[in-house]
Amino acid sequence: GPAGLEPEVSSRSPPPYLVFDDILEPAEHQALVDLALGHLDDFSPSGVHAADAEAAGDLHLDLRRSRSIYDLGEAWEPLRDRFLALLPHARRELDVPWFPLGDVEHHLTAHGEGDHFTRHVDNTTPDTSRRLVSAVYYFNRSPRRFTGGDLRLFDTVERDGVVEPAGTHTDIEPRDN
C-alpha cells in the first residue's frame, strides 16, 4: 500500500519454550504406553467446542481432530510430580511470574493419520483464561511407528498494538519421553 498506511510492526517475538528429555523413568513411561494401548475404546473424539451458547455442544473437527481420554489413573501421578518439580525452573527460564497453582489440567490425546490441531492460543477461552503455562509430554511405543506430529509454535508480531501470528514458526519434533 501507499507509504505510511501500512500497520507499524513494533516487534516480532519467537515463542518461548523449553524442551526436557527423559521426564519419566522407564517403568513410568511404560505405564502410560500400557494405559493408552489398553484403553483404546475409552478414547473419545476431541475437537474444539463452539464458543457460542447455541452450539456449545458442537465439536469443530476442522480445527482439531484427535482422540482423548481424561482419566489417567495412577499413571498421571509421576508425570504431574515431574511437571511440578520443573515448574520453578520453567517460570524462571520463561520469565513467567510466580502464580498460585490451581488445578493441573491434564488429558491424554492420541493423533492418528490426518489428525491435527490448528493454530490457536492456549488461554483465550473463558475456561482457559487463567492458564499461564502449557506443557506437552510426547510418548510412543518403540520403535516409533509414525512420521510427522511436530508441535508448531508460531512467532507473534505486534502491529499497531495488536499481537497476532507472524508468518514464521518453530517446529518441535515429537521425541519419546
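Everything numeric here is computed off the predicted structure, so don't read it as measured data. (Residues numbered from 1 in each chain as written. Predicted model: local features only at pLDDT ≥ 70, side-chain atom pairs only at ≥ 80, totals over all residues. Heavy atoms only, no water.)

## Overview of unusual backbone geometry
- The linkage connecting Ser142 with the following residue, Pro143, adopts the cis geometry, with an omega of -5°.
- By the secondary structure assignment, Pro143 is in the loop between strand 7 (116-117) and strand 8 (151-159).
- Unlike most non-glycine residues, Asp95 shows phi in positive territory, near 60°.
- Inspection of the secondary structure puts Asp95 in the loop between helix 2 (76-94) and strand 6 (108-110).
- A residue is classified by how much of its surface remains accessible, and Asp95, at 70% relative accessible area, is exposed.
- Although it is not a glycine, Asn177 adopts a positive phi angle of roughly 60°.
- Inspection of the secondary structure assignment puts Asn177 in the segment after strand 9 (162-172).
- Classification of Asn177 by relative accessible area gives buried; the value is 12%. (Helix = DSSP H or I, 4+ residues; strand = E, 2+ residues; numbered from the N terminus. Buried < 20%, exposed > 50% of the residue type's maximum accessible area, 1.4 Å probe, protein only.)

## Topic: a nonpolar patch on the surface
- Taken together, the side chains of Leu84, Leu101 and Val104 define a hydrophobic patch exposed on the protein surface, amounting to about 210 Å² of accessible area.
- Note on placement: Val104 falls in the loop between helix 2 and strand 6. (Patch = residues over 30% accessible without salt bridge, like charges linked within 9 Å, V, L, I, M, F, W, Y side chains within 5 Å. Areas by Shrake-Rupley, 256 points an atom, 1.4 Å probe, with all protein chains shown as cover. Salt bridge = Lys/Arg side-chain N within 4 Å of Asp/Glu carboxyl O.)

## Concerning the environment of Trp98
- Mapped onto the elements, Trp98 comes out in the loop between helix 2 and strand 6.
- Here Trp98 falls in the exposed class, since its relative accessible area comes to 67%.
- Along the sequence, Trp98 and Leu87 sit 11 residues apart, while their C-alpha atoms lie 9.8 Å from each other.

## Quick look at the side chain of Arg91
- Tracing the backbone through its elements, the reader meets Arg91 in helix 2.
- Although Arg91 lies buried, it forms no salt bridge, and the closest oppositely charged side chain, Asp95, sits 11 Å away as judged by the N-O distance.
- Discounting residues that sit within four places of it in the chain, Arg91 has contacts with Val96, Pro97, Trp98 and Phe99. (Lys, Arg positive; Asp, Glu negative; His and termini not counted. Contact = heavy atoms within 4.5 Å.)

## Looking at the packing of aromatic side chains
- Scanning all chains against the criterion turns up one aromatic pair.
- Ring geometry for Tyr137 and Phe139: centres 5.8 Å apart, planes at 25°, overall stacked. (Phe/Tyr/Trp six-rings, centres within 6.5 Å; stacked < 30°, edge-to-face > 60°.)

## A few points about the side chain of Ser66
- Counting through the fold element by element, Ser66 comes out in strand 5 (residues 64-69).
- Judged by relative accessible area, Ser66 falls into the buried class, the value being 3%.
- Those residues in contact with Ser66, other than ones at most four positions away along the chain, are Ser44, Pro45, Ser46, Thr109, Ala110, His111 and Asp115.

Distances and angles like these do not, on their own, reveal function.
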